[in-house]
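# Coordinate analysis (summary)
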Amino acid sequence: MRIVIKVGTSTLAHPGGRLNIRHTEDLVKVWSDIKNAGHELVVVSSAATGLGVGKLQIARPQDMVTKQAAAAVGQCELMYTYDRLFGQYNHTVAQMLLTWEDFDHENRRVNLHNTLERLLELGAIPIINENDPIACEEYSLGDNDTLAALVAECIHADLVILLSDIDGLYTADPHTHPDARLIPLVESITPDIAELAGGAGSALGTGGMATKISAARRATAAGVDLIIANGAHAEVLYDIMDGKSVGTRFAGKKEAAQ
């Protein structure tokens, strides 16, 4: 399969912004194994700003310029980490930093598609993030859930996996409603489903369930299945590859893929 995996800041970094070494190493090991099994893999990775905050040893910035500066520092740390860890398993990574403009303009979208296709043909693993240091408000994607869905649509992926700090979509907020039930399958994103989305996620991240529902709507409209799963344990990806029910799966509209 051709798989786009998005991993959030809360999975890759500790609350203070420093890299969560154990989680990141576990993820890269499983991703490498999935690649070894013959699947094509694209990773959409958050955490640049969070890692930059940790690296610079500053408080979470409130102004845009400092956020962009932190992202510039953190992106170096992020790619260094991925290059080193994937290299242990003889895999090559490639960095791509994107903005909405890369999808909005036809010639840039074609160039993006061609580059990603060629990287996958060459056996590389594209590591994608938003180009936060220069993304102006007009062309900012705002969250990597949306970016993962856009990338999946661009390269006609088979599956998008959003790894987060929650098990999936629930019938209510599980933090405040102990009787909330996980919804294993969503065949259509109805207004009722959309209303289940809450607000923002963790302090370091930018996305909440609302952005994931929005990403699912975009991905499924393009015929791509999307799964929201908890990234705390990397081995959950093996269950997904084996076709087991994990998290919440949003079924792609198959007619769109034809």
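The present account deals with the structure reproduced in this document. If you're wondering where the values come from, they're calculated on a predicted model, not measured in any experiment. Residues take numbers from 1 onward in each chain, read along the sequence in its written order. Totals for whole chains, interfaces and linings use every residue, but because this is a predicted model, local features are given only for residues with pLDDT of at least 70 and side-chain atom pairs only at 80 or more, for both listing and counting. Side-chain metrics in this entry use all non-hydrogen atoms of the structure; hydrogen atoms and water are not considered.

### Considerations on the overall build of the chain
Let me state the cut-off plainly: Starting at the N terminus, helices and strands are each numbered in turn, a helix being any DSSP run of H or I of at least four residues and a strand any DSSP run of E of at least two. The reference for a compact globule is 2.2 Å times residues^0.38; the radius of gyration itself is calculated from the C-alpha atoms. Think of it in three bands: residues with accessible area under 20% of the maximum for their type are buried, residues over 50% are exposed, and the middle band is partly exposed, with areas taken using a 1.4 Å probe on protein chains only.
A count of helical and extended segments in the chain gives eleven helices and eight strands. The C-alpha radius of gyration computed for the chain amounts to 17 Å, which stays within 12% of the reference 18 Å derived for 258 residues, consistent with globular compactness. Expressed along its principal axes, the backbone C-alpha trace of the chain runs to roughly 45 × 40 × 35 Å. Every one of the 258 residues in the chain was classed for burial, and the buried ones make up 50%.

### A few points about the pattern of salt bridges
Let me state the cut-off plainly: When a carboxyl oxygen of Asp or Glu is within 4 Å of a side-chain nitrogen of Lys or Arg, the pair counts as a salt bridge.
According to the stated counting rule, one finds eleven salt bridges in the structure shown. Notably, a salt bridge pairs Arg-118 with Glu-121, separated by 2.9 Å at the nearest N-O pair. Taken together, the residues span about one helical turn, with Arg-118 and Glu-121 both in helix 6 (residues 106-121) at a distance of three residues. Among the salt bridges present, the one from Arg-218 reaches Glu-153, with a minimum N-O distance of 3.7 Å. Taken as a pair, Arg-218 in helix 9 (residues 209-221) and Glu-153 in helix 7 (residues 144-155) lie far apart in primary sequence, 65 residues in all. Judged by its relative accessible area of 33%, Arg-218 is partly exposed. Residue Glu-153 is classed as partly exposed on the basis of its relative accessible area of 26%. Within this structure, Arg-2, Glu-40 and Glu-117 form a network of salt bridges that share partners.

### Regarding the environment of His-91
Rules: Residue contacts follow a heavy-atom distance rule, with two residues in contact if any of their heavy atoms lie within 4.5 Å. Polar contacts here mean pairs of N or O atoms no more than 3.5 Å apart (in protein, one a potential hydrogen donor and the other a potential acceptor; neighbouring residues in sequence count only if both atoms are side-chain atoms).
Mapping His-91 onto the fold places it in the loop between helix 4 (64-87) and strand 3 (93-98). Residue classification places His-91 among the buried positions, given a relative accessible area of 12%. Between the C-alpha atom of His-91 and that of Ile-125, which follows or precedes it by 34 residues, the distance is 7.4 Å. When sequence neighbours within four positions are dropped, the list of residues in contact with His-91 reads Ser-32, Lys-35, Asn-36, Phe-86 and Ile-125. A distance of 3.4 Å separates a polar side-chain atom of His-91 from the backbone oxygen of Ser-32. For His-91, the side chain forms a polar contact with the side chain of Asn-36, separated by 2.8 Å.

### Quick word on the pairing of strand 7 (residues 225-230)
The condition is simple: When DSSP finds two or more bridges between two strands, those strands count as paired.
The buried fraction of strand 7 amounts to five of the six residues, a majority that puts the element mostly inside the structure. Pairing analysis gives six bridges linking strand 5 (residues 159-164) to strand 7, with the strands arranged parallel. Residue pairing across strands places Ile-161 opposite Ile-227, the latter belonging to strand 7. Two strands pair when backbone bridges link them, and strand 7 and strand 8 (residues 248-250) are joined in this way by three bridges, in the antiparallel orientation. Each bridged residue has a counterpart across the sheet, and for Leu-226 the counterpart in strand 8 is Phe-250.

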